[in-house]
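# Architecture and fold: a report
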Amino acid sequence: MNYRMICRVLGLILLIYAGLMLLPLAAGLCFRESPMPFLVPMTVAAVPGALMLWQAKPKSNGMVARDGFVIVGLGWILISLIGALPFVLSGSMSGYADALFETVSGLTTTGATVLQDFDGMPRGVMFWRIFTHWIGGMGVLVFLMAVMPMSGEHSMHIMRAEVPGPTVGKLVPRVRHTARILYMIYIVLTLIETGVLLLLGMSFYDAILHAFSTAGTGGFSTMPNSISGFRSPAIENTLAVFMILFALNFNLYYLILIGSVGKALKNEELRTFLAVILFAVAVITLSLWKDGGYAFLPALHDAFFNVSTIISTTGFGTADFTRWPELCKWILILIMFCGGCAGSTGGGIKFSRVMILFKSAFSDLRRISRPRNVIRVSLDGQRVE
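## Brief notes about the pattern of salt bridges
Applying the stated criterion across every chain yields a total of five salt bridges. The residue R129 makes a salt bridge to E102 at a minimum N-O spacing of 2.8 Å. Taken together, the residues span a long stretch of sequence, with R129 in helix α7 (residues 123–138) and E102 in helix α6 (residues 96–107) at a distance of 27 residues. The residues R129 and E102 share a single accessibility class, namely buried. With a closest N to O distance of 3.4 Å, D320 and R323 form a salt bridge.

Following this line, the structure appears as structure tokens:
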């Protein structure tokens, strides 16, 4: 393994991480809060990062697959340990273990929380808590490849270790340019959602943070009772639409940008994903209308929002679906396991993997009945190895 190159990349990650903390620091200063919860972890990240970058001078920029996995693993551990410090230093959490849990939950966009009351949390720390969703959604290492000059041939190993999905491809010949395109799409969608939420009456602080949470499909909110605290069907429907948009493969947005709309719409995973959403919304709406005591429009609204939040693995809450009919709960559990599309910020197994699983099963059944036939599993016309 190229140990010096690993140290150099980890140093870059720590420096970028320290730079990202400038946003919550600025948010805290706007609300006249102490900067110390962020100055300390920024120093903890920046000083070792600068030393690693200065001392580690690799003889070769080459990396192998093992290097990529080591960088991704160690990188996530380091940013998790440092990211927990603002919670402890601000007094928002009494124990480091709770702070580490909250940070890891944010960076992995899991959305689980140990907090019950947000009243005592400084605005800057709350900004950091939800901003971790945005950082983890696309991945800090993809951001690293987008802004730093790295060897495109070898940085593909980092891309494969970081980006979710059964396969990883390049949109353009250079990996750095691919990462830059993906991040630009990510940023633009986040800004569009922020603007729409502002038009619907949210404050800028709430709008940008809920856009961060939606973009990372994580589900942290500024309100203890999540999105239901805003009591706005328009906001809920907007968030539902953007949760689906962020759960789609970002490669499709690139195809649309270059004018290949038809090719994007023919994507097999996209059509299956949208078909499952329509089916789930229709069945849950009818079940709530017939057996759940709902009127039709409220049933449709709650079904659409909760299917969107569950299938994208975001986790925003508006209704207690544990009281829904059993059929509704089973559908939500099944689509939760499937998750979003490959190449999205959504969690779960990914729809492409589920599709490959079913196609492989049918292929095996056909092979048993016709042993001499050559049967290949393909996705979007491409053979799956």
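## Here we look at the packing of α7 against helix α11 (residues 204–215)
Where α7 contacts α11, the axes come no closer than 6 Å and their chain directions differ by 30°. Regarding the angle of α7 to α11, the classification is roughly parallel. When the axes of α7 and α11 are compared, the crossing they make is left-handed. Where α7 abuts α11, its residues R123, M126, F127, I130, F131, H133 and W134 lie against Y205, I208, L209, F212, S213 and A215. Counted by class, the contact of α7 with α11 contains ten nonpolar, two polar and one charged residues.

## Remarks on the nonpolar core
F250, F273 and I284 are the most contacted members of the largest nonpolar core, which totals 82 residues. The contacts of F250, once residues within four sequence positions are left out, are M138, L182, I185, Y186, L189, G343, S344 and T345. Core analysis: the next-biggest nonpolar cluster, separate from the first, contains ten residues, L197, A207, I235 and M243 among them.

## A word on the packing of aromatic side chains
One pass over the full model with this rule turns up 18 aromatic pairs. Taken together, a centroid distance of 5.1 Å and an interplanar angle of 50° make the contact between F131 and F212 tilted. Placement of the pair is F131 in helix α7 and F212 in helix α11, with a sequence separation of 81 residues. Judged by its relative accessible area of 7%, F212 is buried. Put simply, the rings of Y17, F127, W128, F131, W134, Y183, Y186, F212, F246, F250 and Y253 pair up and form one aromatic cluster. Between the NZ or CZ atom of R129 and the centre of the ring of F220, over which it lies, the distance is 3.9 Å. Sitting over the ring of W289, K290 keeps its end group 4.6 Å from the ring centre.

Conventions adopted
Residues numbered from 1 in each chain as written. Predicted model: local features only at pLDDT ≥ 70, side-chain atom pairs only at ≥ 80, totals over all residues. Heavy atoms only, no water. Salt bridge = Lys/Arg side-chain N within 4 Å of Asp/Glu carboxyl O. Helix = DSSP H or I, 4+ residues; strand = E, 2+ residues; numbered from the N terminus. Buried < 20%, exposed > 50% of the residue type's maximum accessible area, 1.4 Å probe, protein only. Axes fitted to C-alpha atoms, helices over the stretch in contact; angles between N-to-C directions. Parallel < 35°, antiparallel > 145°, perpendicular 65-115°, else oblique. Left-handed = near helix turned anticlockwise from the far one by under 90°. Contact = heavy atoms within 4.5 Å. Nonpolar A, V, L, I, M, F, W, Y, C, P; charged D, E, K, R; others polar. Core = buried A, V, L, I, M, F, W, Y, C linked by side-chain atoms within 4.5 Å. Phe/Tyr/Trp six-rings, centres within 6.5 Å; stacked < 30°, edge-to-face > 60°. Lys NZ or Arg CZ within 6 Å of the ring centre and 35° of its normal.

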